[in-house]
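Architecture at a glance
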Amino acid sequence: MKSSKLLKYSYSKVFAPATVSNVGPGFDTFGFALDKLGDIIEARVNVGNGITISGITGDNGMLSRNIKKNTASVAALSLLKAINADFGLDIIINKNMPFSSGIGSSAASAVGAAIAVNSLLRKKLSDEEVLLHALEGEKIASAGDIHADNVAPAYYGGFTIVRSLSPVDIIRLPFPKAITCVIIYPHISITTKESRKVLPIQVPIGTAVKQSANAGALIAGILTGNNKLISRSMIDSIAEPHRIQLIPHYNELRTFMLEQGALNFNISGSGPTVFSLFEDMQKAKQVKSEIINQLKALKIEADVYLSKINQQGPLQLGLD
Ligand code: HSE
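Residues numbered from 1 in each chain as written. Predicted model: local features only at pLDDT ≥ 70, side-chain atom pairs only at ≥ 80, totals over all residues. Heavy atoms only, no water.

**As for helix α6 (residues 205-224)**
Helix length check: α6 (20 residues) gives 29 Å between terminal C-alpha atoms against 28 Å at 1.5 Å per residue, within 8%. The inward-facing, buried residues of α6 abut β2 (30-46), β5 (159-165), β6 (168-173) and α7 (227-233). Positive backbone phi, at 65°, marks Gly225, one or two positions downstream of α6. (Helix = DSSP H or I, 4+ residues; strand = E, 2+ residues; numbered from the N terminus. Expected span 1.5 Å × (residues − 1). Contact = heavy atoms within 4.5 Å.)

Take a look at the structure:
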């Protein structure tokens, strides 16, 4: 290891969770973190001055090893540049979630890397600064557009609202503890870039009004634990109507999930993953096998995950 006055540790290992973003009417602003699924990022100080990606597991060789094209290394580079680092890093990315799937794979890598690098430092950066470095990584996954609706819940855990990024203003809400998310990940890949291409540049004023009414109502439902209000306000009038065409059997799945007692049914982020919230884990577990049978009947190859809202967020798994 190279000795540097900036460093307190030489190795850091961090878990950062998968996330659901948009959550109905919160296009580019609402998101929540998931249990279990996510990335584990390792950062080890090396003798050089730059960054290398020394390994990626769980990606079937699909992710870029080019440090300028991988969200983890771009986030780490951004942070190193900001502190004028006089040391280099080897990064290992362990993926435990699908990518180009709409559950925040690029954000999990970027957040995990930014936190892993920050935790090596003698003088740590603030949460807002680290989050902005993670966002630099996330930017490359969405062709330069800035939206932090996956990065924010991956960073803080729980349910988050990104009110502003300049200055950073992220609100974390207490979420009803029993509510359980059922995630259906069909085995097709849609990049955020592709999924944003189908969106209109402008929306009619009536649509904007509907969206803000539902967004306000959803937050009120979450804060008061009113499941019926959550159910009737989880409607995205801006992005989802245009993206349905990208997701095979969206309408059949939606009808089926509502019949099973789902509070509602939405695309997760930019898709293709779709999700429903259920009142509690018991209910979600009861319907899981019905959902799997329905997916088979519709000939959709997919994985189904059940998850509570992950209140904890990232975890430091190793530091020395
Ligand atoms: N909110 C983004 C979108 C995806 O729907 O395009 C995640 O940032």
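**Points about the packing of aromatic side chains**
Here a ring pair, both rings aromatic, is described through the centre-centre distance and the interplanar angle of the planes. Here the structure, examined in full by the defined rule, presents six aromatic pairs. Arranged with centres 5.9 Å apart and planes meeting at 80°, the rings of Phe32 and Phe275 form a pair that is edge-to-face. Residue Phe32 is located in strand β2, and its partner Phe275 is located in strand β9 (residues 274-278); the two are separated by 243 residues in the primary sequence. A single burial state applies to Phe32 and to Phe275, both of which are buried. Within the aromatic cluster, the residues linked to one another by ring pairs are Phe30, Phe32, Phe159, Phe175 and Phe275. (Phe/Tyr/Trp six-rings, centres within 6.5 Å; stacked < 30°, edge-to-face > 60°. Buried < 20%, exposed > 50% of the residue type's maximum accessible area, 1.4 Å probe, protein only.)

**Let's talk about the pairing of β5**
Most of β5 is tucked away, with five of its seven residues classed as buried. Where β5 meets β6, six bridges bridge the pair, whose relative direction is antiparallel. Pairing of Ser164 across the sheet is with Asp169, part of β6. Here β5 folds back onto β6, and the loop between the two strands holds two residues. (Pairing = 2+ DSSP bridges.)

**Considering the pattern of salt bridges**
Using the criterion set out here, one finds five salt bridges in the structure. When the shortest N-O distance is used, the salt bridge between Arg196 and Asp28 registers 2.7 Å. You can see Arg196 sitting in helix α5 (residues 192-197) and its partner Asp28 sitting in the loop between β1 (11-21) and β2, a full 168 residues away along the chain. Relative accessible area serves as the criterion here: at 19%, Arg196 is assigned to the buried category. Since its relative accessible area comes to 18%, Asp28 is described here as buried. The partner of Asp59 in a salt bridge is Arg65, with the nearest N and O atoms 2.8 Å apart. According to the relative accessible area criterion, Asp59 is buried, its value standing at 2%. Given a relative accessible area of 39%, Arg65 falls into the partly exposed group. (Salt bridge = Lys/Arg side-chain N within 4 Å of Asp/Glu carboxyl O.)

**A word on the layout of surface pockets**
As a volume, the largest pocket reaches approximately 710 Å³. Forming the walls of the largest pocket are 39 residues, and the residues nearest its centre are Ser100, Ser106, Ala141, Thr191 and Thr192. When residues of the lining of the largest pocket are traced back to their parent elements, those giving at least two are α2 (105-118) and α5. Considering each element in turn, the lining of the largest pocket owes the most residues, five residues, to α5. Taken together, the residues that form the lining of the largest pocket break down as ten nonpolar, 19 polar and ten charged. Both domains that meet at the lining of the largest pocket, namely domain 1 (11-173 + 310-319) and domain 2 (180-308), each give it at least three residues. (1 Å grid on protein atoms, 1.4 Å probe; cavity = no way out; pocket = protein on both sides within 12 Å on 5 of 7 lines; lining within 4 Å. Points joined across faces, edges and corners; volume = space filled by probe spheres on them. Nonpolar A, V, L, I, M, F, W, Y, C, P; charged D, E, K, R; others polar. Domains from an automatic or database assignment.)

**Regarding the nonpolar core**
With 68 residues, the main nonpolar core has Phe32, Leu89, Phe159, Phe275 and Leu277 as its most contacted residues. Residues lining this core come from more than one domain, with at least three contributed by each of domain 1 (11-173 + 310-319) and domain 2 (180-308). Contact partners of Phe275, with chain neighbours within four places excluded, come to Val20, Val23, Phe32, Cys181, Val182, Ile183, Met234, Asn264, Phe265, Asn266, Ile267 and Ser268. Met257, Phe265, Ile267 and Leu295 belong to the second largest nonpolar core, which has 21 residues in total. (Core = buried A, V, L, I, M, F, W, Y, C linked by side-chain atoms within 4.5 Å.)

**Overview of the site of the ligand**
By nearness alone, every residue bordering the ligand is listed as Ser21, Asn22, Phe27, Asp28, His147, Asp149, Asn150, Thr192, Arg196, Arg243, Gly269 and Ser270. A distance of 2.6 Å separates an oxygen atom of the ligand from a polar atom in the side chain of Asp149. Surface burial for the ligand is 99%, taken as the share of its 260 Å² of free accessible area covered by protein chains. Counting atoms within 2 Å of the grid points, the majority share of the ligand lands in the largest pocket. Each of domain 1 (11-173 + 310-319) and domain 2 (180-308) gives at least three residues to the shell around the ligand. (Near = heavy atom within 4 Å. Polar contact = N/O pair within 3.5 Å; in protein donor to acceptor, adjacent residues only side chain to side chain. Areas by Shrake-Rupley, 256 points an atom, 1.4 Å probe, with all protein chains shown as cover. Sits in = over half its atoms within 2 Å of the grid points.)

**Here we look at the domain arrangement of the protein chain**
As assigned here, the protein chain comprises domain 1 (11-173 + 310-319) and domain 2 (180-308). The straight-line distance from the C-alpha centre of domain 1 to that of domain 2 is 24 Å. Each partner contributes to the interface: domain 1 provides 29 residues, whereas domain 2 provides 38 residues. Buried surface at the junction of domain 1 and domain 2, summed over both partners, amounts to about 2300 Å²; 66% is from carbon and sulfur atoms. When the buried surface of domain 1 facing domain 2 is broken down by residue, Pro25, Phe27 and Ser100 rank first, second and third, together holding 24% of it. For the interface between domain 1 and domain 2, the tally reads one salt bridge. In this assembly, domain 1 and domain 2 are joined by eleven residue pairs in polar contact (both at pLDDT 80 or more). Contributing elements (two or more residues each) for the side of domain 1 that touches domain 2: β1, β2 and β5. It is β2 that provides the largest number of residues to the side of domain 1 that touches domain 2, a total of six residues. The residue inventory of the side of domain 1 that touches domain 2, partitioned by class, reads 16 nonpolar, ten polar and three charged. (Buried area = accessible area lost by both parts, 1.4 Å probe.)

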